[in-house]
Amino acid sequence: TVVDADGLVLLPGLVDLHTHLREPGREDAETVHSGTRAAAKGGYTAVCAMANSYPVADTAGVVEQVAALGKAAGYADVQPVGAVSVGLEGRQLAEIGAMARSAAAVRMFSDDGHCVSDPILMRRALEYVKTFGGLIAQHAEEPRLTEGAQMNEGAVSAELGLPGWPAVAEEAIIARDVLLAEYTGARVHFCHVSTARSVDIIREAKARGANVTAEVCPHHLLLTDEAARTYDPVYKVNPPLRREADVAVLRGALAEGVIDAVATDHAPHAPQDKDCEWAAARPGMLGLETALSITVLALGGPAEADWDTIAERTSRTPARIAGLEAHGRDPKPGTEANFTLVDPAATWTVVPGELASLSRNTPYAGMELPVTVQATFLRGRATVLNGKIAEETTE
Ligand code: NCD
Ligand code: ZN
Ligand code: ZN
């Protein structure tokens, strides 16, 4: 394969710590095949597939199925995330050991998309994953503080009369699990951190040497709760879009490294789950195909882009957090490299119908975004060429 890379930026293949691929169970919204095509188009060579499928990925069988679907599709490495507890309302630990020992070799376990915030269960899970070097990816929501919530709690929710989702619902769980991480000595990763106070708590925890990491989503780096005034359900997401002041702190924390990684929380939803009233709509938005562009915007724009920091937050650090050793590395002679080539001077307009994802719930429709992914290579084989999915990618 010959690529004219004149003027392009070389990045190690991007790694997403937080992708909802919806298979098994909601193949009308996304499949492993369509979701990993979207990943490749976004410059990703590896994605961590979140556990809130149907059935939930709480057994060795489901995680092995997801990993096998990823291999068969061949667009990106798919590392399944196991559920920390059984089912969507689980009150009992899932088969963590069996998933870890399975062919999927799961290391990360999560309550994302579930509502388990029981501290006893979390302590037991932390002690268990510590025995084999695993970690817990914490969705960070105290559900008793978010019952009925529709958007961020603040000036805009008060004006619109919508029940608010308070920042403390997130911060209380982050504070608690920082303490549990220190108590057990186990690793905790905080998903989709969205408030300024959460950043403070994580900064202090890291200063004490706590074994914690954190991710931020592109949408929390760009959009605010002002978007809820449109009542367009495309802006409904967990955790909710916050205030301008939170966005500014999140951007600073990402640049600084207090927040370790960008993660998409790519959350495809079928039309019937989004083309409805705000209150009835499912939370979540697409992320894989726009994440790099939004990250560049949030970190100062294409002219100011510090590509080394971008590589660190979108590839090297997430690869390290997830233990994906073949990823997050610069290409070396004689190795099958995972990398992406980006045009730093190009722009593109987001057209939902042109996305590789099966779903259309992007909040950036019609927006002109900076930088394009020109090529993505998975183990030396092109998955994307000239900005389009390369053919013959099945192994
Ligand atoms: C996610 C989903 O749709 O699965 N939704 C969301 O709004 N982020 C679940 C989650 O990440 O909490
Ligand atoms: Zn979540
Ligand atoms: Zn999620």
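Since the structure is predicted, the reported quantities are computational estimates derived from the model, not experimental observations. (Residues numbered from 1 in each chain as written. Chains lettered and ligands numbered in written order. Predicted model: local features only at pLDDT ≥ 70, side-chain atom pairs only at ≥ 80, totals over all residues. Heavy atoms only, no water.)

Trainee: Mind showing me how you'd approach the coordination of the zinc ion (ligand 2) here?
Mentor: Six octahedral donors at a metal ideally form angles of 90 or 180 degrees, and four tetrahedral donors ideally form angles of 109.5 degrees. Every protein donor of the zinc ion (ligand 2) is listed here as Asp 112 (OD), His 139 (ND1) and His 192 (NE2), and their distances to the metal cover 1.9 to 2.0 Å. Of note, the zinc ion (ligand 2) draws all its donor residues from one chain, in the sequence arrangement D-x26-H-x52-H. The metal-metal distance between the zinc ion (ligand 2) and the zinc ion (ligand 3) comes to 3.7 Å, with Asp 112 coordinating both. On the criterion of sequence distance, the pair formed by His 139 in the loop between strand 7 (135–138) and strand 8 (151–152) and His 192 in the loop between strand 10 (187–190) and helix 7 (196–207) is long-range, its members being 53 residues apart. When its relative accessible area of 7% is taken as the criterion, His 139 is described as buried. For His 192, a relative accessible area of 2% gives the class buried. (Donors = N, O, S within 2.8 Å, 3.2 Å for Na, K, Ca; no water. Helix = DSSP H or I, 4+ residues; strand = E, 2+ residues; numbered from the N terminus. Buried < 20%, exposed > 50% of the residue type's maximum accessible area, 1.4 Å probe, protein only.)

Trainee: What should I look at first to understand the packing of aromatic side chains in this one?
Mentor: The geometry of an aromatic ring pair is captured by the separation of the ring centres together with the interplanar angle, meaning the angle of the planes. In total, this model carries 3 aromatic pairs according to the counting rule given. With a centroid separation of 6.1 Å and 85° between ring planes, the pair formed by Tyr 128 and Phe 132 is classed as edge-to-face. An aromatic cluster of at least three residues, connected via ring pairs, comprises Phe 109, Tyr 128 and Phe 132. (Phe/Tyr/Trp six-rings, centres within 6.5 Å; stacked < 30°, edge-to-face > 60°.)

Trainee: Please clarify how the sheet that holds strand 13 (residues 339–349) should be interpreted in this entry.
Mentor: Where strands meet in a sheet, backbone hydrogen bonds hold them as pairs that are either parallel or antiparallel. Pairing within the open sheet is antiparallel, and its 5 strands lie in the order 1-13-14-15-16. Each edge of the sheet is formed by a strand with only one pairing partner; in this case those strands are strand 1 (9–12) and strand 16 (388–389). Summarising the sheet, strand 14 (residues 368–378) and strand 15 (residues 381–385) pair through 3 bridges and their orientation is antiparallel. Bridge assignment links Phe 377 to a residue of strand 15, and that residue is Ala 382. Where helix 11 (residues 291–298) meets the sheet, it contacts strand 1, strand 13 and strand 14, and its direction lies at approximately 130° from that of strand 14. (Pairing = 2+ DSSP bridges. Contact = heavy atoms within 4.5 Å. Axes fitted to C-alpha atoms, helices over the stretch in contact; angles between N-to-C directions.)

Trainee: Would you mind going over the environment of Ile 202 with me for this structure?
Mentor: Along the chain, Ile 202 turns up in helix 7. When the C-alpha atoms of Ile 202 and Val 373 are compared, they prove to be 32 Å apart, with 171 residues separating the residues in sequence. Ignoring any residue separated from it by four or fewer positions in sequence, one finds Ile 202 in contact with Ile 174, Phe 190, Val 193, Ala 214 and Val 258.

Trainee: Just to check I follow, could you spell out the pattern of salt bridges for this structure?
Mentor: When charged atoms on two side chains of opposite charge get close, those side chains can pair. In total, this model carries 18 salt bridges according to the counting rule given. Ionic pairing is found between Arg 320 and Glu 312, a salt bridge with its closest N-O pair at 3.5 Å. It is possible to trace a salt-bridge network through shared partners that takes in Asp 308, Glu 312, Arg 316, Arg 320 and Asp 330. (Salt bridge = Lys/Arg side-chain N within 4 Å of Asp/Glu carboxyl O.)

Trainee: What is the right way to read the pairing of strand 10 from this model?
Mentor: Within a regular strand, the side chains alternate between the two sheet faces. Examined bridge by bridge, strand 7 and strand 10 share 4 bridges and lie parallel to one another. Opposite Gln 138, over in strand 10, you have Phe 190 as the bridge partner. In terms of strand pairing, strand 10 meets strand 11 (residues 212–216) through 3 bridges, oriented parallel. Note that in strand 11 the partner of Val 188 across the bridge is Val 212. As for the winding sense of the linkage, the β-α-β connection from strand 10 through helix 7 to strand 11 is right-handed. (Right-handed = clockwise from strand over helix to strand, strands pointing away.)

Trainee: Help me understand the coordination of the zinc ion (ligand 3), please; the structure alone is not making it clear to me.
Mentor: Protein-derived ligands of the zinc ion (ligand 3) are His 18 (NE2), His 20 (NE2), Asp 112 (OD) and Asp 265 (OD), with the metal-ligand distances lying across 2.0 to 2.3 Å. Here the donor residues of the zinc ion (ligand 3) share one chain and are spaced in sequence as H-x1-H-x91-D-x152-D.

Trainee: Whenever I open this one, the sheet that holds strand 11 confuses me. Can you help?
Mentor: Across the sheet, which stays open at both edges, the 6 strands sit in the order 5-6-7-10-11-12 with parallel pairing between neighbours. Every interior strand has two partners, whereas the edge strands, strand 5 (82–83) and strand 12 (261–262), have only one. Direction of pairing for strand 6 (residues 108–110) relative to strand 7: parallel, over a ladder of 3 bridges. Considered in strand 7, the bridge of Phe 109 is made with Ile 136. Most of the contacts of helix 6 (residues 167–184) go to strand 10, to which it runs at about 160°, and overall it touches strand 7, strand 10 and strand 11.

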